[in-house]
Amino acid sequence: MSDEWEVPAPVPAASDRFPVGAAAGWRTDPFDASLMRRWDGRHWSEEVRPPDQVPDSRAGVRAARAATRSGGHAGLRVVAFLAQTALVTYVLVRAGGLLWGLHAWTKVEVWALQPDSLIASEAEDFVRTSLTVTGVALLASALSGLFFFVWQWVAYTDPALDRTLLRHSTPAALLGWVIPVVGLWWPAQAINDLWHASDPDREPDDPSRHLPPAVTLWWLCALGGPVAALGLYGASRVVAASPAGALRWSVLSGLAGGFSGLVGAVALMVIVARITNHLRGRVPGSASDAATDHPAALAAH
């Protein structure tokens, strides 16, 4: 009989076996204490390694991602080019609308100072032109939104994405645009996830999803612009004491909506170019990356 007692291996605590809420990373394998197992932030993965083995270097991770990108969607840049072209068209339409709005503001101010100069036929022409400008802007907005929607679908299904950073499935991310209430934050959340999941320089164990300035600016304009425009238009129906006063508020409403739409579209162009370059393996900040920020260069590559 041996004089030595065999000390049983300690049983890991429940919090160690299932560290829910803990950051992703390598931890002691709860099933085999002699190994390290990767915790992805929600589940134990199938990746294991000895404790003394150094995980893949950042360069190795980049190389693996680059290999994945080479087999990504071949049509991503084509779709991105179409989306960028539609957005450029929308920006030009909005810029033209803003110039007309400034001219309209001057005309309305003259009418406000000289009410007798406001002729019914001239006011009708003014309203008709306003409706035409608004209609063209809505058409450009619908076309750019359609192409952006297609681009988001293609990008969201790209195999180069780190899918552990995507909080929504592809159908859920797209349906978030049309679901009431949820549409107030879900689309921005999906684009933010896409931004981070496509980043080739992102550390593999980094679970953060901070909002980039471009995404923040785009979504503030997407939500705040229409709210401001509707609020100003509503004010024209309540506080305006004269036809010229009502027209003044209406023009101001159009200027607010046009400016927010223009700024939001420019931010969206930055988002599309950045994510597309990430997924196609471009190095952010390089000369090739700067070249592909232009829609024509997106199609050339």
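Just so it is clear, the structure is predicted and the values come from calculations on it, not from any experiment.

Visitor: How do you make sense of the overall build of the protein chain when you look at a structure like this?
Guide: A tally of regular secondary structure across the protein chain gives ten helices and three strands. Secondary structure of the protein chain in N-to-C order comes out as α-β-β-β-α-α-α-α-α-α-α-α-α. Residue burial in the protein chain is summarised as follows: out of 301 residues, 37% are buried. Long-range pairs, those at least 24 residues apart, make up 62% of the contacts in the protein chain between residues at least 6 apart in sequence.

Visitor: Would you take a moment to explain the packing of aromatic side chains for this structure?
Guide: The description of two aromatic rings rests on the distance between their centres and on the angle between their planes. In this structure the tally under the stated criterion is seven aromatic pairs. Each ring, one from Trp 218 and one from Trp 219, has its centre 5.1 Å from the other, and the planes form 55 degrees; the classification is tilted. The class of Trp 219 is buried, set by a relative accessible area of 13%. Aromatic ring contacts, followed pair by pair, group Phe 148, Trp 151, Trp 177, Trp 218 and Trp 219 into a single cluster.

Visitor: I'm lost on the sheet that holds strand S2 (residues 36–39) in this one. Help?
Guide: The strands that make up a sheet are held in pairs by hydrogen bonds between backbone atoms, and each pair lies either parallel or antiparallel. Read from one edge of the open sheet, three strands run S1-S2-S3, paired in antiparallel fashion. For this open sheet the edge positions go to strand S1 (25–28) and strand S3 (44–49), each flanked by a neighbour on one side alone. Strand-to-strand, the axes of this sheet are offset by a mean angle of 40 degrees, without reference to chain direction.

Visitor: I'm lost on the pattern of salt bridges in this one. Help?
Guide: When the charged atoms of two side chains lie near each other, side chains of opposite charge can form a pair. The full count for this structure, using the stated rule, is two salt bridges. Across the salt bridge formed by Asp 29 and Arg 37, the nearest N and O atoms sit 3.1 Å from each other. By relative accessible area, which is 2% here, Asp 29 ends up buried. Residue Arg 167 pairs with Asp 193 through a salt bridge whose shortest N-O separation is 2.6 Å. Of this pair, Arg 167 sits in the loop between helix H4 (120–156) and helix H5 (170–175) while Asp 193 sits in helix H6 (residues 186–197), and the two are 26 residues apart along the sequence.

The rules behind these values
Residues numbered from 1 in each chain as written. Predicted model: local features only at pLDDT ≥ 70, side-chain atom pairs only at ≥ 80, totals over all residues. Heavy atoms only, no water. Helix = DSSP H or I, 4+ residues; strand = E, 2+ residues; numbered from the N terminus. Buried < 20%, exposed > 50% of the residue type's maximum accessible area, 1.4 Å probe, protein only. Contact = heavy atoms within 4.5 Å. Phe/Tyr/Trp six-rings, centres within 6.5 Å; stacked < 30°, edge-to-face > 60°. Pairing = 2+ DSSP bridges. Axes fitted to C-alpha atoms, helices over the stretch in contact; angles between N-to-C directions. Salt bridge = Lys/Arg side-chain N within 4 Å of Asp/Glu carboxyl O.

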